[in-house]
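What the coordinates show
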Amino acid sequence: MFTDKEEFKQTFLKRLEMMYGKRFWESTVLDQYNTLGHMIREYISKHWIQTNERYRAEHKKQVYYLSIEFLLGRLLGSNLMNLGIRDVVEQGLKELGIELAHIEEVEIDAGLGNGGLGRLAACFLDSLASLDLPGHGQGIRYKHGLFDQKIVNGYQVELPEQWLRHGNVWEVKKEDLAVEVNFWGKVECYEQDGRLTFRHYDVEKVMAVPYDMPVIGYDTTTVNTLRLWSAEPAKFPLHKHVMQYKRETEAISEFLYPDDTNDEGKILRLKQQYFLVAASIGSIVRDYRQRYGHLQHFHRHVAIHVNDTHPVLAIPELMRILLDEEGMGWDEAWHITTNTISYTNHTTLSEALEKWPIYIFQPLLPRIYMIVQEINERFCRDLWNRYPGDWKRIEEMAIIAHGLVKMAHLAIVGSYSVNGVAKIHSEILKHREMKLFYEYFPEKFNNKTNGITHRRWLLKANPELSSLITEAIGTEWIKQPEQLIQLKKYATDHAFQEQLEKVKHHHKQQLATYIYEKTGVAVDESSIFDVQVKRLHAYKRQLLNVLHIMHLYNRLKEDEHFDMYPRTFIFGAKASPGYHYAKRIIKLINSVAQKVNSDEQINGRLKVIFLENYRVSLAEKIFPAADVSEQISTASKEASGTGNMKFMMNGAITIGTLDGANIEILERVGHDNMFIFGLTAEEVLHYYANGGYHSYEYYHHDQRIHQVVNQLVNGFFPDAYDHFEPIYDSLLAHNDQYFVLRDFASYADAQQQVGATYKNRQKWLEMSIVNIACSGYFSSDRTIEEYAQDIWNIH
Ligand SMILES: *Cc1c(COP(=O)(O)O)cnc(C)c1O
C-alpha cells in the first residue's frame, strides 16, 4: 500500500472513512495522523511477526534493555523514513491537499524520560533494529511523561503532560500477556524434600499489562519491540478499600519520577522500579520456558541490560525465580544471574546514586530484601577472605550499610559488566568513585562512549544537510556513518562551504520564525546562534553562560566602541519541580532576556531567548540552526553528554570544557575546530580534595565578575527583588561548588575567540565541515556494535 502513490491514496481515503465514519473533507489533521499511523502499523505487522519468528527459529540470543526512561519523541516521521516510504506518502498526501509536515506536527512527543539517559535508550533501540540485532526495550507506560513547561512572568510552571490524550496509534495492548507483580506481605520459610523453601503470602497483587510498540529499523525488515508496562488492579483484596487499592495500583504507572521527598513518594518510586523489573523478567522467563523448558542455560540465550541503577532489582528478582520457582541451589542461580545482567553507570554525582532505606525496602519487597541480604552477606564474606581484618573497606563496599541498600553496589556485584559512558567517565569510575570495586572486579569494568542515532538527528532533522552530504560523498554514510569522514576533503572547498552556509541559514530562518511565533521577539538571522539546550542543573552551568551574557550587556552599555559580532543566545531547559535553585536560574535567564531584548541602545547586537518546553521535537528544530554549541559543565561532572554530539553532527562548533564526550570530540576535530576553556577534571578533583577554592578572590579581583555578581542582588532586576540571592550566595557564601567564577575569565576569552573566528566566514565553515566529517564516530550504531560485541555477545 506504500509502493504506489495511487494505491496509497485510495487506501488512505478508504481507511479514513472506515475508521472515523466521515468523508475525507470532514476529517481533522488528527484523524489523518491516526489513519496514517494505523496504515503503517498494519504495513509492518508482517515483518514484526517474522522478526520474532526468525529470532526464535535461529535460537538467537536476545538482549532486553531495561530502562525507567525512554525519551522517544515523535514516531511518525522517523518510521516513514526508516521504512523508505516518506516520498510516496508525502507526494500522495500533497495530491490530496494535505501537507505531511502538518500531520507530523500534531503528534505529541512520547516524553517518557528526563533527558540524556532516556534519549540514549531511544537512540539505542533505533540502532539495534537498524543493525538487525535482536534487542528489545522494556519500560513503563507512564500515563503522564515529563511535565509540560510553561514560562509565566519568567518563572517555570509545570503542567501535567498528556501524551495519551488522543490514544497512541503505535501501541498494541496485549492483555493475555499480563504478569502479576507482588508487593508487601510476609515470607514463610519451611523445609521441603530436604531444602529450604520460601513462600511469599498475604501479598498485594498488581497486574502489569504490556503495550508493545514496534521498533522499525532503517532500510531493513527487522522490527523489534519496545514493551511498556501499565499497572492495573488485579483481584480485589478484601482487607482493603477497593477504591484506595485501585488508586494506589494505578499510581504506579501514572507519573515519571513522582516527588520522592517524603516516604510515600519513596515507596512509590521503589514500587515503580520493582514493577518494571518483575513484569519484564516475568515475561522474559515465561517466553524462555515455552521455548527451552528449564532455565539452566538462560544466560546463553538472554542478556538483560540495566540502564543505570533504577532496574537493578533485576538481580534479586532473577535470583528469586531461579531459587524459589526453579528450585536451583544458590551457586547455580548466582552463576546464571551474574552472567545475564550487565549495567551502565550514568553519573558520579553522589546525590544521584540511589540508596533505599531498609525500613522502606524490606516491608514492600520482603522476599527480594532477603535475597539482597544473602547476596550482601556472601559478598562481605568473600571480601573478608580477600582483605582479612580490613573492616573499613568492607563497610565501604557493602551493599547494605547504615540502614541503606546501595543500588550501585548491588549492580556491580550482581552483573558481569559495568560500563561508563565516555572515556573520562569510565576512568573516574575505575580510579575514584568505584575504585575499591575496580580493584576487586577489574575484569567487569569497561567503557562504551555514548552515541546518537544519526538517522533522527541528521537524516530526519536536517534533510537539506543530508542531501548536501550525499551529493558530495554518496549515500554510504547513511549505513556507515563513519564514512562521513570523506567530507573532510571538502572542508576548504568554497562551493561546498557556500552551500553549507545556505543550509544553515535556511534553518536559522526557520528557527527565527518559530522564536517569533513563540516569544514575539524578532532575532537577527545573520547573528551567531549560540545555543545551550539541556536539563537545567547547577553542574551544567547555565549560570556561567548567563553571567557572561550580563557581562556582554554591561560592556555594550558602557563602551560605545565595544565591537562584537551580533549574537543570539538561545536556551531551552526544564528544571526538576523540586529543584528551586535551578528554577531561579530559569528566572534569571528570562530576566536578562527581558532587559537585553527591550534595550534599544543594544540595537539588536545581543538577544536572549528562552524557548519553553524543551523536548525531542523541539530539539530537532534547534540543532540544525545552531552555530555554537554550549557544553560548559564543570569538568568531571558530565558523564558523557549527547547533546554535544547532535550539535556537532549538524555543523555547530563547540565551546566547552574538557568533560565527558567533549574530550573525545576534541580528539577527533583537534583544537583548531573547537573552543576549549576552563579547569580540567583533574584540577577540579584536586580542588575538591583540598577543600575547594576561594571564590571571593575572583569576585574581588575581576571587575567583570564583581559587576555581574552584584547585579544579582542590587536591584538591577527590579521585578525579581531578592529572588537571585540564593544564586549570589551559592557563588560567594557557599564557595561556588561548580567553579563558575573560577572559569569565568577563561570562558569569556573563549567566547571572544568564537566571535572573532565567526567573522572569518571561510574559516568558520571549514571548522563546521570538519565537525560534521568527524561526527560519524558518535553515531549510536558504533556504540551499539560495541555493546553487542563486548558485552552482550549478540549477532
Ligand atoms: C539529547 C537530549 C538531551 C541530552 O542533552 P545533554 O546536552 O547531553 O544533557 C536532553 N533532552 C533532549 C530532549 C535531548 O534530545
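Rules of the game
- Residues numbered from 1 in each chain as written.
- Predicted model: local features only at pLDDT ≥ 70, side-chain atom pairs only at ≥ 80, totals over all residues.
- Heavy atoms only, no water.
- Near = heavy atom within 4 Å.
- Polar contact = N/O pair within 3.5 Å; in protein donor to acceptor, adjacent residues only side chain to side chain.
- Areas by Shrake-Rupley, 256 points an atom, 1.4 Å probe, with all protein chains shown as cover.
- Nonpolar A, V, L, I, M, F, W, Y, C, P; charged D, E, K, R; others polar.
- 1 Å grid on protein atoms, 1.4 Å probe; cavity = no way out; pocket = protein on both sides within 12 Å on 5 of 7 lines; lining within 4 Å.
- Points joined across faces, edges and corners; volume = space filled by probe spheres on them.
- Helix = DSSP H or I, 4+ residues; strand = E, 2+ residues; numbered from the N terminus.
- Axes fitted to C-alpha atoms, helices over the stretch in contact; angles between N-to-C directions.
- Parallel < 35°, antiparallel > 145°, perpendicular 65-115°, else oblique.
- Contact = heavy atoms within 4.5 Å.
- Core = buried A, V, L, I, M, F, W, Y, C linked by side-chain atoms within 4.5 Å.
- Buried < 20%, exposed > 50% of the residue type's maximum accessible area, 1.4 Å probe, protein only.
- Pairing = 2+ DSSP bridges.
- UniProt positions renumbered as here; feature names shortened; annotations may be inferred.
- Salt bridge = Lys/Arg side-chain N within 4 Å of Asp/Glu carboxyl O.

Focus on the site of the ligand
Among the 13 residues in the neighbourhood of the ligand, the closest are listed as Lys 534, Lys 540, Thr 642, Gly 643 and Lys 646. Between Gly 643 and the ligand, the recorded distance is 3.0 Å, taken from a backbone N or O atom to an oxygen atom. The separation between an oxygen atom of the ligand and a polar side-chain atom of Lys 646 is 2.7 Å. Here the ligand loses 96% of its free accessible area of 390 Å² to cover by the protein chains. Classifying every residue of the shell around the ligand by side-chain character gives four nonpolar, five polar and four charged.

Considerations on the layout of surface pockets
Computed from the structure, the second largest pocket encloses a volume of approximately 1200 Å³. Residue lining of the second largest pocket: 34 residues in total, with Arg 86, Glu 104, Lys 460, Ala 461 and Pro 463 positioned closest to the centre. Elements that contribute at least two residues to the lining of the second largest pocket include exactly helix 3 (76–83), helix 4 (86–95), helix 5 (100–106), helix 18 (454–460), helix 19 (463–473), helix 21 (494–519) and helix 24 (616–622). When the residues that make up the lining of the second largest pocket are grouped by side-chain class, the tally is eleven nonpolar, eleven polar and twelve charged.

Remarks on empty space enclosed by the protein
Going through the model one piece at a time under the given rule, you end up with seven cavities of 30 Å³ or more. Computed from the structure, the largest cavity encloses a volume of approximately 190 Å³. Lining the largest cavity are 16 residues, and of these Leu 72, Leu 75, Ser 78, Asp 126 and Val 215 lie nearest its centre. When residues of the lining of the largest cavity are traced back to their parent elements, those giving at least two are helix 3, helix 6 (116–130) and strand 11 (204–216).

Considering the packing of helix 31 (residues 740–759) against helix 32 (residues 761–773)
It is the contact of helix 31 with helix 32, at a shortest axis distance of 5 Å, that shows an interaxial angle of 110°. As the angle between them shows, helix 31 and helix 32 are arranged roughly perpendicular. Across the interface between the two elements, Val 754, Thr 757, Tyr 758 and Lys 759 from helix 31 touch Arg 761, Lys 763, Trp 764 and Met 767 from helix 32. Residue composition of the contact of helix 31 with helix 32, by class: four nonpolar, one polar and three charged.

A short note on the nonpolar core
Counting residues in hydrophobic clusters, the biggest one holds 136 residues, and the most contacted among them are Leu 36, Phe 275, Phe 298, Phe 361 and Trp 792. Sort the elements by how many residues they give to this core and helix 8 (residues 263–292) lands first, with twelve residues. Excluding residues within four positions of it along the chain, Phe 298 makes contact with Ile 284, Val 285, Tyr 288, Ile 304, Leu 318, Ile 336 and Thr 340. Formed by 70 residues, the second largest nonpolar core is a distinct cluster that contains Leu 349, Ala 573, Ile 589 and Phe 610.

Comments concerning the sheet that holds strand 17 (residues 404–406)
Strand-to-strand pairing in sheets goes through backbone hydrogen bonds, with the strands running parallel or antiparallel. A sheet is described by the order of its strands in space; here three strands give the open sequence 15-17-16, paired in antiparallel fashion. Across the chains shown, the open sheet's two edge strands, defined by having one partner strand only, are strand 15 (355–357) and strand 16 (400–401). Of the pairings in the sheet, the one linking strand 15 to strand 17 comprises three bridges and is antiparallel in character. By the bridge assignment, Lys 355 is partnered in strand 17 with Lys 406.

Remarks on the UniProt feature "modified residue: N6-(pyridoxal phosphate)lysine" (unreviewed entry) in the protein chain
Here, UniProt's "modified residue: N6-(pyridoxal phosphate)lysine" (unreviewed entry) annotation points to Lys 646. Mapped onto the fold, Lys 646 is located in helix 25 (residues 643–649). Lys 646 gets classed as buried once you look at its relative accessible area, which sits at 7%. The residues contacting Lys 646, other than those within four sequence positions of it, are Arg 119, Ile 452, Trp 457 and Phe 623.

With respect to the pattern of salt bridges
Pairs may arise between side chains of opposite charge once their charged atoms sit close together. Within the structure shown, the criterion is met by 56 salt bridges. With its nearest N and O atoms 3.2 Å apart, the salt bridge here joins Glu 180 to Lys 205. Highlighted residues: Glu 180 in strand 8 (residues 179–183) and Lys 205 in strand 11, separated in sequence by 25 residues. Accessibility expressed as a relative area gives 29% for Lys 205, which makes it partly exposed. In this structure, Arg 393 and Asp 390 form a salt bridge, with 3.1 Å as the shortest nitrogen-oxygen distance.

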